[in-house]
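Inside the fold
Single-letter residue listing:
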Amino acid sequence: MPSPAARPGDRLTVTVRQAGGGADGTFELRCHPEGGTHPDVREACGRLDRRTTWGTDPFAPVRSGTVCTMQYGGPATAHVTGTWAGRRVDARFDRGDGCEIARWDDMVPVLPDLRA
């Protein structure tokens with residue numbers, strides 16, 4: 001079995017746009033072991049570890065047909081790419097309705113906290 005440092009995965013690139021307040025940019029997040037340029041590596045890795053459970057994808061989009069509140073959370077977008085838990089990640093986030101806002105908020109601090 002490979003050591004945690006040699007495991008495939010657990011390396012993400014997080015690109016945030018139009019979030020304001022200095023949150024915009026492209027950040028590298030490495031976990032197991034922790035590293036990268038993300039502003040809160042330890043908490044972000046911990047959040048992803050807690051959200052990663054058997055049979056679930058912490059980066060999954062909102063399910064088709066989900067009823068969402070019609071609210072707008074601002075123009076912020078994020079794109080997360082890389083590998084996590086041995087799987088490729090290519091996930092996009094925005095704050096265009098209540099479901100997408102909740103999805104974004106569930107990923108804080110991987111994504112910046114925009115709750116006001």
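In every chain, residue numbers begin from 1 and rise along the written sequence. Only residues with pLDDT of at least 70 get local features here, since the model is predicted, and only at 80 or more are side-chain atom pairs given and counted; chain-wide, interface and lining totals rely on the full set of residues. Values shown for side chains rest on all heavy atoms present in the structure; no hydrogens or waters enter the calculation.

We now examine the overall build of the chain. The helix and strand labels rest on DSSP assignments: H or I over at least four residues marks a helix, E over at least two residues marks a strand, and numbering proceeds from the N terminus. For the chain, the helix and strand inventory stands at 2 helices and 5 strands. For the chain, the α and β elements follow one another from N to C terminus as β-β-β-α-β-β-α. The globule rule used here is 2.2 Å times the number of residues to the 0.38 power, and the radius of gyration it is set against is calculated over C-alpha atoms. What you see for the chain is a C-alpha radius of gyration of 14 Å, in line with the 13 Å of a compact globule of 116 residues. Along the first, second and third principal axes, the C-alpha set of the chain runs to 50 × 35 × 20 Å. Think of it in three bands: with a 1.4 Å probe and only protein chains considered, a residue is buried below 20% of the maximum accessible area for its type, exposed above 50%, and partly exposed in between. A total of 116 residues make up the chain; the buried ones form 36% of that total. Contacts between residues were defined by any pair of non-hydrogen atoms, one from each residue, lying within 4.5 Å. Summarising the internal contacts of the chain: among those between residues at least 6 apart in sequence, 52% fall at separations of at least 24. When the accessible area of the chain is evaluated, it comes to approximately 7,000 Å², of which 52% is carbon and sulfur surface. Counted as positive: Lys and Arg. Counted as negative: Asp and Glu, with His and the chain ends omitted from the count. In plain terms, the charge of a residue is placed at NZ if it is Lys, CZ if Arg, CG if Asp and CD if Glu. If you average the places of the 15 positive and of the 15 negative side-chain charges in the chain, the two averages end up 4 Å apart. Using a 1.4 Å probe, the Shrake-Rupley method yields the accessible areas, and only the shown protein chains count as cover for residues.

This next bit is on the environment of arginine 11. Of note, arginine 11 is situated in strand 1 (residues 11-17). Exposure remark for arginine 11: the relative accessible area of 45% places this residue in the partly exposed category. Along the chain, arginine 11 and arginine 88 lie 77 residues apart, while their C-alpha atoms are 9.8 Å from each other. Leaving out residues up to four positions away in the same chain, arginine 11 has contacts with Glu28, Leu29, Arg30, Thr81, Gly82 and Thr83. Here the side chain of arginine 11 touches glutamate 28 through a polar contact of 2.8 Å, side chain to side chain. Within 3.5 Å is the distance limit for a polar contact, defined as a pair of N or O atoms, with the added protein rule that one can donate a hydrogen and the other accept it, and that residues adjacent in sequence qualify only through two side-chain atoms.

Throughout this description, the term salt bridge denotes a Lys or Arg side-chain nitrogen within 4 Å of a carboxyl oxygen of Asp or Glu. Scanning all chains against the criterion turns up 7 salt bridges. The shortest N-O distance in the salt bridge between aspartate 106 and arginine 51 comes to 3.7 Å. Taken as a pair, aspartate 106 in helix 2 (residues 98-106) and arginine 51 in helix 1 (residues 41-51) lie far apart in primary sequence, 55 residues in all. Each of the salt bridges in this network shares a partner with another, and the network as a whole consists of Arg11, Glu28 and Arg30.

The predictor rates its confidence in each residue with pLDDT, a number between 0 and 100. When pLDDT is averaged along the chain, the result is 90, and 91% of the positions lie at 70 or above. Within the chain, strand 1 carries the highest mean pLDDT (98), whereas helix 1 carries the lowest (95). Contacts of residues 1-7 to residues separated by more than four positions or lying in other chains number 4 contacts, the stretch itself having pLDDT below 50.

Assignment of secondary structure puts aspartate 10 in the segment before strand 1. A residue is classified by how much of its surface remains accessible, and aspartate 10, at 3% relative accessible area, is buried. For aspartate 10, the side chain forms a polar contact with the side chain of histidine 32, separated by 3.0 Å. In this structure the side chain of aspartate 10 is engaged in a polar contact, spanning 3.2 Å, whose partner is the backbone nitrogen of alanine 85. Residues in contact with aspartate 10, not counting those within four places in the same chain, are Leu29, Arg30, Cys31, His32, Thr83, Trp84 and Ala85.

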